[in-house]
Amino acid sequence: DGTPVNTCSATKPKYCNSAGNLVNSCSTCGCPSGKVCQGDGSCVNAVAQFGAIWSNLRKNQGNLPPGCPASGYNWWYYDMQLKENGGIIGITATQRQKCFNSPYSGNNCGSQTSDITNWFGTNQIPAGGTINSITPNYFCLVIGDIGTLTETFWGVDGNNNNLQASYSFSVS
């Protein structure tokens, strides 16, 4: 391709060795955007690392959430964060689902919803970046009930890999 000997080609990860042959050498020449280096010198599509975190759990603080009965229930507000931990390729978050497992009320899951932008202001998570909830999430529970809330998020990265992330926490 016209690459001088002992230099990287314009076509990553190709390297023109001392014999004048183009060989894969991503450790020397790097990889194209959205790809990662392999031990054999080649590059493969990166897979984003999707993470979900909850924080700032608050019980019976603030206004009663929409849909929670006015009496006989506790309610919790909490904040959410979605992140891409790999730093190579971004994620489009597409859906979420909230489930609650309780010895009293059993396992109850809401529908999968595509309201990511409503909660986070965007559904795009940049490579190595985060998006934070712009409104606290919430749930209600009959007083005296205990259990674990799990929220799962689905998305796709820039290389069209399907991804999933979730968090869980218990309340009483």
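These numbers come from a predicted model, not from an experiment. (Residues numbered from 1 in each chain as written. Predicted model: local features only at pLDDT ≥ 70, side-chain atom pairs only at ≥ 80, totals over all residues. Heavy atoms only, no water.)

Engineer: Can you walk me through the pairing of strand β13 (residues 147-157) in this structure?
Structural biologist: Within a regular strand, the side chains alternate between the two sheet faces. With eight of its 11 residues buried, β13 lies for the most part within the structure. As paired elements, strand β8 (residues 91-102) and β13 share 10 bridges and run antiparallel to each other. When the bridges of β13 are listed, Cys-99 appears paired with Thr-150. (Buried < 20%, exposed > 50% of the residue type's maximum accessible area, 1.4 Å probe, protein only. Helix = DSSP H or I, 4+ residues; strand = E, 2+ residues; numbered from the N terminus. Pairing = 2+ DSSP bridges.)

Engineer: In this structure, what is going on with the sheet that holds strand β3 (residues 22-24)? I would like to understand it.
Structural biologist: Adjacent strands of a sheet form backbone hydrogen bonds with each other and so pair up, either parallel or antiparallel. In spatial order, the strands read β1-β2-β3; together these three strands make up an open sheet with antiparallel pairing. Unpaired on one side and paired on the other, β1 (7-8) and β3 mark the two borders of the sheet. Of the strand pairs in this sheet, strand β2 (residues 14-16) and β3 are connected by three bridges, and their pairing is antiparallel. Following the sheet pairing, Cys-16 is matched in β3 by Leu-22.

Engineer: Can you help me understand the nonpolar core in this one?
Structural biologist: A general trend in soluble globular proteins is that nonpolar side chains are found buried together. Membership of the largest hydrophobic core comes to 26 residues, with the highest contact counts inside it found for Phe-50, Leu-82, Phe-120, Phe-139, Phe-153 and Tyr-167. Within the residue set of this core, elements represented by two or more residues are β6 (50-59), β7 (73-84), β8, α2 (116-120), β12 (137-142), β13 and β14 (162-171). Per-element accounting of this core gives the leading share, five residues, to β14. Those residues in contact with Phe-120 that lie beyond four places of it in its chain are Met-80, Gln-81, Leu-82, Ile-131, Asn-132, Ser-133, Ile-134 and Phe-153. (Core = buried A, V, L, I, M, F, W, Y, C linked by side-chain atoms within 4.5 Å. Contact = heavy atoms within 4.5 Å.)

Engineer: Help me understand the environment of Cys-26, please; the structure alone is not making it clear to me.
Structural biologist: Position of Cys-26 among the secondary structure elements: in helix α1 (residues 26-29). Given the relative accessible area of 5%, Cys-26 is considered buried. In this structure, Cys-26 is in contact with Pro-13, Cys-31, Cys-37, Gln-38, Gly-41, Ser-42 and Cys-43, ignoring residues within four places of it in sequence.

Engineer: Please explain unusual backbone geometry as it appears in this structure.
Structural biologist: Excluding glycine, most residues fall at negative phi; most peptide bonds, likewise, are trans. Between Lys-12 and the following residue, Pro-13, the backbone shows a cis peptide bond with an omega angle of 5°. The backbone phi angle of Asn-56 is positive, close to 55°, even though this residue is not glycine. Following the sequence through the fold, Asn-56 ends up in strand β6. Classification of Asn-56 as partly exposed rests on a relative accessible area of 44%. With a phi angle near 50°, Asn-60 is a residue other than glycine that sits in the positive phi range. Here Asn-60 lies in the loop between β6 and β7.

Engineer: What am I meant to see in the pattern of salt bridges here?
Structural biologist: When their charged atoms lie close together, side chains carrying opposite charge are able to pair. Summed over all chains, the structure comprises three salt bridges. When the shortest N-O distance is used, the salt bridge between Arg-58 and Asp-79 registers 3.6 Å. Separated by 21 residues along the polypeptide, Arg-58 in strand β6 and Asp-79 in strand β7 bring together distant segments of the chain. Take Arg-58: its relative accessible area is 16%, and that puts it in the buried class. Residue Glu-151 pairs with Arg-96 through a salt bridge whose shortest N-O separation is 2.3 Å. (Salt bridge = Lys/Arg side-chain N within 4 Å of Asp/Glu carboxyl O.)

Shape is all these values report; function is a separate question.
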